[in-house]
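This is what each chain is made of:
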Amino acid sequence: MNSTFCQNLPYGGVLMLNEYVVKNNERLSYRIIDGEAVVVNLTDSVFHTLNPVATFIWQHIDGHTMVKDIVSRISSDFDIDPFTAEKDCVEFISELVRKNLLSLSPTPVTES
Amino acid sequence: MQKAGLFQSIHDKAARKKIPISCHFDLTHHCNLKCIHCYVVHDDRPELSTSEIKSILEQIAEEGTLYLTFSGGEILSRKDFFEIAAHARKLHFVIRLITNATLLDAEAAARIAALHINQVNISIYGSTSEIHDRITTVEGSFLKSLKAIELLVKQGVSVRIGCVLMKQNINDYRNIFAMAEKMGVLFQADHRLTPKNNGDISPMLYRISDDDIEKVFSDPSFHQPPDVHEQIKYDSAFSEIPCGASHMTFSISPYGDIYPCVQLPINCGNLKEQSFHDIWYHSQEMIRIRSFRVPDIPECAACSVRKFCTYCIGLARIEAGDISTPSKRFCTEAGILSKLREGKQQ
C-alpha cells in the first residue's frame with residue numbers, strides 16, 4: 001500500500017483515487033452469502049459483512065477495474081446521483097484500505 | 001477478537017437459509033499413524049484425483065462454502081496436497097488443516113504460511129512420548145509433531161493442539177494444556193470418543209468415565225461458560241435443529257461421497273456422479289436429515305436440561321441405532337453442565 005498516497009487522500013483528493021485500481025489483500029477470505037459479502041481478515045480473524053451497495057463494490061474489485069468505473073456502475077445500477085456515488089465509494093474503499101483489506105495500484109495488477 | 005454476535009448471526013442465517021457455509025473435506029484415508037481410537041475405516045475405492053478435487057472446490061465455493069477444513073487420514077500423505085490447498089486459496093476459502101504433522105518439514109511449514117492457512121490443528125495425545133506414542137502406536141511420532149509445531153509457530157502460523165481425551169491420557173491433559181501455553185499455541189480437548197464409521201465400537205473401550213467428564217467440564221481451561229452455550233442454543237435457528245449438519249455444514253469423503261457431517265456418514269450422493277448443488281438441495285437423504293427436529297423426540301422435548309445438550313445425530317445413530325434416539329451420554333453431559341451452572345449461580 002502506498003502510504004504517502006493515502007496520507008494525501010482527503011476527500012478533496014478523490015480525482016487521484018478514481019484513476020487507481022483496487023485489489024483484495026491476499027490475507028483475506030470472502031464469500032457472497034445471501035447477497036451480502038462476508039469478508040474475513042485472516043490476519044486478525046475479524047469478520048466484516050457488507051451491505052448490498054458495498055457488496056456490489058466488493059464484487060467489482062478485481063485488480064483491473066478503475067475506481068471511477070466502479071463509481072459509474074453504482075450510479076447507474078442503484079440509480080444514485082454520481083456525486084453521492086463517488087463520495088460513498090471513495091469513503092468505503094478508503095476505510096477498507098485503512099483496515100488492510102484492500103490495496104491500491106495506479107495500474108492494473110498482473111496475476112502471478 | 002470477533003464479537004460473538006456477528007459471527008453467530010452469519011451462522012444463523014446460513015442455517016436458516018440452508019447455505020452450505022462449512023465443509024469438512026477428508027482428502028484421504030491413508031495415514032502414517034495407527035491411532036488406537038481412530039474412527040476412520042478404509043475403503044477399496046479409488047480416492048478423488050487432483051482435478052476432481054479442484055472441480056469440487058469450485059462447485060462448493062459457488063454454493064457459498066466459506067470455511068474449509070482439510071482432514072483425513074493424513075493430508076500431507078497426498079503428494080498433491082499443496083496444489084489442492086493453493087487452488088482452495090485462489091477460491092478465497094478460510095482454510096483449516098487437521099494433521100498429525102509428522103510429515104511436516106520446514107519447507108511445508110513455509111508453504112502453509114505463504115498460503116495464509118487460517119489455522120493448523122495438530123493432534124497431540126500426551127505431554128510425553130510415552131503417552132502420545134502409545135496412542136498413535138508409532139514410536140517417534142510425538143517428537144516429530146512437536147518439531148512441526150515449532151516450525152509453524154516460527155512461520156507465524158496459528159496452531160491449535162487438538163487432544164482427544166481417553167483413559168490413556170485423562171490424567172495428562174492439563175500437562176498438554178501447559179505445554180501448549182508454553183509453545184504459544186491454542187489448545188482444545190475433545191471429550192467424545194466415537195465408534196468407527198462402520199459401527200465397530202472398539203474405540204469406546206477407551207472412553208473416559210462420567211466422573212472424568214465432570215472434572216473436565218468444571219475445568220475453566222477446558223470448557224466455555226454455560227452462559228455462552230445457552231445463548232447460542234436459544235437465540236438462533238439452533239433452538240430446534242440439533243446442529244449444523246445438512247443445514248449449513250457437510251462433509252466430503254476421499255471418494256466423493258457427500259455426508260451431512262463427518263460424524264454422520266450417511267451417503268447423500270457422490271460427486272463423481274452428481275453435482276454438489278443437486279446433492280445439497282435435492283438428495284432425499286439430505287432432506288430427511290434436514291427435517292429432523294429435537295422437539296420431535298418426546299423425551300427431549302420435555303427435558304429440563306435440554307438447553308445444555310449438545311445433541312449429535314451422528315453419535316446417536318452410531319450408539320443408539322437411530323438419529324432420533326439420544327445417546328445416554330448426551331443426557332449425562334447435559335446434567336453435569338446444568339449442575340455446574342447451578343453451582344455458579346449460587
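Residues numbered from 1 in each chain as written. Chains lettered and ligands numbered in written order. Predicted model: local features only at pLDDT ≥ 70, side-chain atom pairs only at ≥ 80, totals over all residues. Heavy atoms only, no water.

Caption draft 1: Up close: the sheet that holds strand β2 (residues 28–33) of chain A. Residue and element names in this part refer to chain A. On the basis of which strands lie adjacent, the open sheet formed by 3 strands has the order β2-β3-β4 and antiparallel pairing. Bordering the open sheet on either side are β2 and β4 (46–49), each of which pairs with just one other strand. Taking each pair of neighbouring strands and ignoring which way they run, the sheet shows an average axis angle of 20°. With 4 bridges joining them, strand β3 (residues 36–41) and β4 adopt antiparallel strand pairing. Each bridged residue has a counterpart across the sheet, and for Val-40 the counterpart in β4 is Phe-47. (Pairing = 2+ DSSP bridges. Helix = DSSP H or I, 4+ residues; strand = E, 2+ residues; numbered from the N terminus. Axes fitted to C-alpha atoms, helices over the stretch in contact; angles between N-to-C directions.)

Caption draft 2: Region of the structure containing the packing of aromatic side chains. Residue and element names in this part refer to chain B. One pass over the full model with this rule turns up 12 aromatic pairs over all chains. With a centroid separation of 6.1 Å and an interplanar angle of 50°, the aromatic rings of Phe-25 and Phe-70 are classed as tilted. Here Phe-70 lies in strand β2 (residues 67–71) and Phe-25 lies in strand β1 (residues 22–26), a separation of 45 residues in the sequence. Neither Phe-25 nor Phe-70 differs from the other in exposure class; each is buried. Seen in terms of ring centroids, Phe-292 and Tyr-311 are 6.0 Å apart; in terms of plane orientation they differ by 45°. Their pairing is tilted. (Phe/Tyr/Trp six-rings, centres within 6.5 Å; stacked < 30°, edge-to-face > 60°. Buried < 20%, exposed > 50% of the residue type's maximum accessible area, 1.4 Å probe, protein only.)

Caption draft 3: Seen up close, the interface of chain B and chain A. Each partner contributes to the interface: chain B provides 20 residues, whereas chain A provides 16 residues. When the two sides are added together, the surface that chain B and chain A hide from each other amounts to roughly 1,700 Å², 58% of it contributed by carbon and sulfur. Inspection of the chain B/chain A interface yields 3 salt bridges. For B:Lys13, the salt bridge is made with A:Glu36, and the minimal N-O distance between the two is 3.1 Å. Seen at the junction of chain B and chain A, the total is 11 residue pairs in polar contact (both at pLDDT 80 or more). The greatest single-element share of the side of chain B that touches chain A, amounting to 5 residues, is contributed by helix α1 (residues 4–17) of chain B. When grouped by side-chain class, the residues that make up the side of chain B that touches chain A number 11 nonpolar, 6 polar and 3 charged. (Contact = heavy atoms within 4.5 Å. Buried area = accessible area lost by both parts, 1.4 Å probe. Salt bridge = Lys/Arg side-chain N within 4 Å of Asp/Glu carboxyl O. Polar contact = N/O pair within 3.5 Å; in protein donor to acceptor, adjacent residues only side chain to side chain. Nonpolar A, V, L, I, M, F, W, Y, C, P; charged D, E, K, R; others polar.)

Caption draft 4: The packing of helix α4 (residues 67–77) of chain A against helix α5 (residues 82–98) of chain A, seen in detail. All names here are of chain A. Viewed as axis vectors pointing N to C, α4 and α5 meet at an angle of 130°, and their least axial separation amounts to 9 Å. Between α4 and α5, the angle is such that the two are oblique. Handedness of the crossing formed by α4 with α5: right-handed. Across the interface between the two elements, Val-67, Ile-70, Val-71, Ile-74 and Ser-75 of α4 pack against Pro-82, Ala-85, Glu-86, Cys-89 and Ile-93 of α5. Across the contact of α4 with α5, the residue classes break down as 8 nonpolar, 1 polar and 1 charged. (Parallel < 35°, antiparallel > 145°, perpendicular 65-115°, else oblique. Left-handed = near helix turned anticlockwise from the far one by under 90°.)

Caption draft 5: Fine view of the state of the cysteines. What the rule picks out here adds up to 0 disulfides over all chains. A disulfide-free cysteine, B:Cys23 has its sulfur positioned 11 Å from the sulfur of B:Cys261, the nearest such atom. (Disulfide = S-S within 2.5 Å.)

Caption draft 6: Spotlight on the packing of helix α3 (residues 52–59) of chain A against α4(A). Residue and element names in this part refer to chain A. Relative to each other, α3 and α4 sit at 140°, their axes nearing to 10 Å. On the basis of their axis angle, the class for α3 and α4 is oblique. The chirality of how α3 crosses α4 is right-handed. Of the residues in α4, those in contact with Val-53, Phe-56 and Ile-57 of α3 are Ile-70, Arg-73, Ile-74 and Asp-77.

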